[in-house]
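Spelled out from the first residue to the last, the chains are:
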Number of protein chains: 2
Amino acid sequence: MKGMILVMDGLGGRPLKELNNQTTLQAAKTPNMDKMAERGITGIMDSIAPGIIPGSDTAHLSLLGYDPYEVYTGRGPFEASGVGVDVIPGDIAFRCNFSTSDEDGIITDRRAGRIREGTKDIVDVLNTMVIEGYEDIEIIFKESTGHRAVLVLRGEGLSGEVSDADPKVEGNKPKEVKGLDGSPEADKTADILNKLVVKSYEMVKDHPVNLKRIEEGLPPANIIIPRGAGEVPEVEPINEKYEVNSACIAETGLIMGIGRFAGMDIIEMEDVTGGVDTNLYNIRDTIVDQVNNSEHDFFLVNIDGADEAGHDGNAKDKLEFIEKVDEIVMSELLKLEDIYIFLTADHSTPISVKNHSGDPVPIIINGPEVRVDDVKEYNEYAVAKGGMCRIRGADVMNILTDLMGYAHKFGA
Amino acid sequence: MKGMILVMDGLGGRPLKELNNQTTLQAAKTPNMDKMAERGITGIMDSIAPGIIPGSDTAHLSLLGYDPYEVYTGRGPFEASGVGVDVIPGDIAFRCNFSTSDEDGIITDRRAGRIREGTKDIVDVLNTMVIEGYEDIEIIFKESTGHRAVLVLRGEGLSGEVSDADPKVEGNKPKEVKGLDGSPEADKTADILNKLVVKSYEMVKDHPVNLKRIEEGLPPANIIIPRGAGEVPEVEPINEKYEVNSACIAETGLIMGIGRFAGMDIIEMEDVTGGVDTNLYNIRDTIVDQVNNSEHDFFLVNIDGADEAGHDGNAKDKLEFIEKVDEIVMSELLKLEDIYIFLTADHSTPISVKNHSGDPVPIIINGPEVRVDDVKEYNEYAVAKGGMCRIRGADVMNILTDLMGYAHKFGA
């Protein structure tokens, strides 16, 4: 039997006055997910623990059986992994912005006019960077979407315990990076970063991409501002831990980063945006093709749009996106055979909160041998009466691999 | 949004034959608490873990987000804090009885005739005590209600790992206090205590209060018998841990002690007894005034009477007290706005057990954005079908601060 964790990012919600005190999921017409509820066992789940507000990253780590309190070392390592840098344990990784600096070192635009093109060429130059006095430290830049990039420092005697260079508000100079724990490793890393920020400006202020932008009246991407430092942790690959052959089907760098971190194969998709405008047909076809035609037997799938609409506080978008996923994706997943599907969210993103919340999320397991309960609808309220009662994200891989027949008895 | 944990001490019960197999809570008429159930999300809760029988102190520690297995070091420290001794981490604190000793050192009355008056004057003398050879150890006595007192030892090289002096049964000499872990600190503390017991007799056997009692034919309070040793632990104040401005509204020293331990402001009330005869109007008015007119945004409230009636095995008293709380207190709490109220017990105190039990307790959360379930009654049975399913005491602060909007996301 194969297995799948199907995450609708940010799906959970809270009752909304404008929807007659229903959540968006409750108000949405979802005949296919209701069918999954009817065929399956349901419940509610705290991705981390009751009331704890998960990030998408920490929630997915938990769903994959890793303790986020142990392995989550900041966003940098997961973002770096997500954009395809082969980070290794001990690397220090950062999220970066391409920003615009004036000649006096003042940041005039933190996102360099939301630059869309040319960052790869700028990164090619930045990747030749060597910091004087630290010639043994390898410096790896990689562009991400838009004005975003990642930075990885590789070498001896580094630490992730450093502050951000991001001044947060335009009109200020980059913040001086400082070591946070008084260790020589942190102080050394901070010193490297401060020199790196200055040097990035020197190296790319006259880059052809930037000269062209200035000519066109656009803010140049002439300085790199790192934040979110974290040391890349070492973990047991999921394929070894659970004896699976796993694949990650996701739209965003952050989730692909979690997949890479866990050693999963990353399945690339075209035309997916992570928003409500994503190409759900491509996502559906990728899932169906992977389940039916690949050697993989375990899948992590993430569909991101509901979370985006929740962050925007847009009930209509969230509701319609849920209905679209139901119609386009779930209708086909209902036809899959020889697979256990664990349908869930990673966290709630209520319209009223415009951010993640600690409310539990609704879950279903479909598959031949689950103890089907009498819940016939998929929403936060109905499934709270389901046969699984209330579980935690950390339980999911154990439950799923047990059903799949991959797990081992503990004891005799 | 403000938040409140409202604890009805010992509220939970077990089915009683005399009540047609209902619990006292189930049999009681509680229209206001039923209204809270109807408006809210319900469930059951294990204050510590399923089947673990909580003390009121360990349960409240857990409800406030402290792990009782880490921070609970015996009743002494919490009782001392509760009666207003400013204990500091490292202090060794004890509960004491004023007892009656005869000239041969035999304890003839463990509670000194349940002495009610004059103990403060006796304590004034005891507080001048210095033990020879241990002149650097500060000795602090403080009278509590009736025959009760607390003792705090402050200084270097002490330990809470010592046995009780309490002989438990009259007609015996005080037990010799012994170090329990073989450490020199424990042996030293035991030696101090043994000398302190003897010295207390010498210092107060002829105290005017005692001479008067003897004249009146009452047992004198002429010796101090310590028990329940514990080292005062260091914890992060609740205001820092959860970024709240907190107040504790409680009747008993034990719960006020927990509040002080957590760094909460203690709101004093007049005419409250901790029993079924307490002044519920004062409690209600204090709560309403604090919520509406104070700067506090988080409240721990404890109403104690149901627990007392449970310990007495008095079903009628417990039932009637629950009804009185519903009528006098809950009716007004229903009118409060802009607040999340978490209604719970700290533990069950079944009539049949006459003590605490490990049965889970019924819970409700009221507030604007909870996922209201279809439970319409507040009792142990109805809420077990509620939308929160089964949670633990350790989850409460996380759930409440998430709803209040005070919590932070873990991850991205």
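Fair warning: this is a prediction, and the values are worked out from it, not measured in the lab.

Novice: Looking at this structure, I do not really get the overall build of chain A. What am I missing?
Specialist: The helix and strand inventory of chain A stands at 14 helices and 14 strands. Against the 2.2 N^0.38 benchmark of 22 Å for 412 residues, chain A shows a C-alpha radius of gyration of 23 Å, consistent with a compact globule. Counting only C-alpha atoms and orienting by the principal axes, one finds that chain A spans roughly 65 × 55 × 40 Å. Buried residues in chain A amount to 60% of all 412 residues. Chain A carries 41 positive and 73 negative side-chain charges, and their two centres are separated by 5 Å.

Novice: Looking at this model, I keep getting lost on the packing of aromatic side chains. Mind explaining?
Specialist: The geometry of an aromatic ring pair is captured by the separation of the ring centres together with the interplanar angle, meaning the angle of the planes. All names here are of chain B. Counting across every chain of the model gives eight aromatic pairs over all chains. When the centroid spacing of 5.8 Å and the interplanar angle of 70° are considered together, the rings of Tyr 66 and Phe 261 count as edge-to-face. Placement of the pair is Tyr 66 in the loop between helix 3 (56-63) and helix 4 (68-71) and Phe 261 in helix 10 (residues 253-261), with a sequence separation of 195 residues. Overall, the relative accessible area of 5% leaves Tyr 66 in the buried class. Given the relative accessible area of 14%, Phe 261 is considered buried. Ring centres 4.9 Å apart and planes at 65° place the aromatic pair Phe 78 and Phe 261 in the edge-to-face group.

Novice: Hey, could you run me through the side chain of Asn 279 of chain B in this one?
Specialist: Residue and element names in this part refer to chain B. As for its placement among the helices and strands, Asn 279 is situated in the loop between strand 9 (265-266) and helix 11 (280-293). Classification of Asn 279 as buried rests on a relative accessible area of 18%. Beyond its immediate chain neighbours, meaning those up to four positions away, Asn 279 contacts Asp 271 and Val 272.

Novice: I tried to follow the interface of chain B and chain A on my own but got confused; where do I start?
Specialist: Accessible area lost when the parts come together is the quantity often used to give the size of an interface. With 21 residues of chain B at the interface, the matching set in chain A holds 37 residues. A per-residue breakdown of the area chain B buries against chain A is headed by Arg 371, Phe 410 and Ala 412 of chain B, which together make up 38% of the total. Connecting chain B to chain A are four salt bridges. Across the pair Arg 14 of chain A and Asp 402 of chain B runs a salt bridge whose closest N-O atoms are separated by 3.4 Å. The interface formed by chain B and chain A includes 15 residue pairs in polar contact (both at pLDDT 80 or more). Listed by contribution, the elements that provide at least two residues to the side of chain B that touches chain A are strand 13 (390-392), helix 14 (396-404) and strand 14 (409-410) of chain B. Here the side of chain B that touches chain A gets four residues from one element, more than from any other, and that element is helix 14 of chain B.

About the thresholds
Residues numbered from 1 in each chain as written. Chains lettered and ligands numbered in written order. Predicted model: local features only at pLDDT ≥ 70, side-chain atom pairs only at ≥ 80, totals over all residues. Heavy atoms only, no water. Helix = DSSP H or I, 4+ residues; strand = E, 2+ residues; numbered from the N terminus. Rg over C-alpha atoms; globule rule 2.2 N^0.38 Å. Buried < 20%, exposed > 50% of the residue type's maximum accessible area, 1.4 Å probe, protein only. Lys, Arg positive; Asp, Glu negative; His and termini not counted. Charge placed at Lys NZ, Arg CZ, Asp CG, Glu CD. Phe/Tyr/Trp six-rings, centres within 6.5 Å; stacked < 30°, edge-to-face > 60°. Contact = heavy atoms within 4.5 Å. Buried area = accessible area lost by both parts, 1.4 Å probe. Salt bridge = Lys/Arg side-chain N within 4 Å of Asp/Glu carboxyl O. Polar contact = N/O pair within 3.5 Å; in protein donor to acceptor, adjacent residues only side chain to side chain.

The quantities given are spatial measurements derived from coordinates; they are silent on function.
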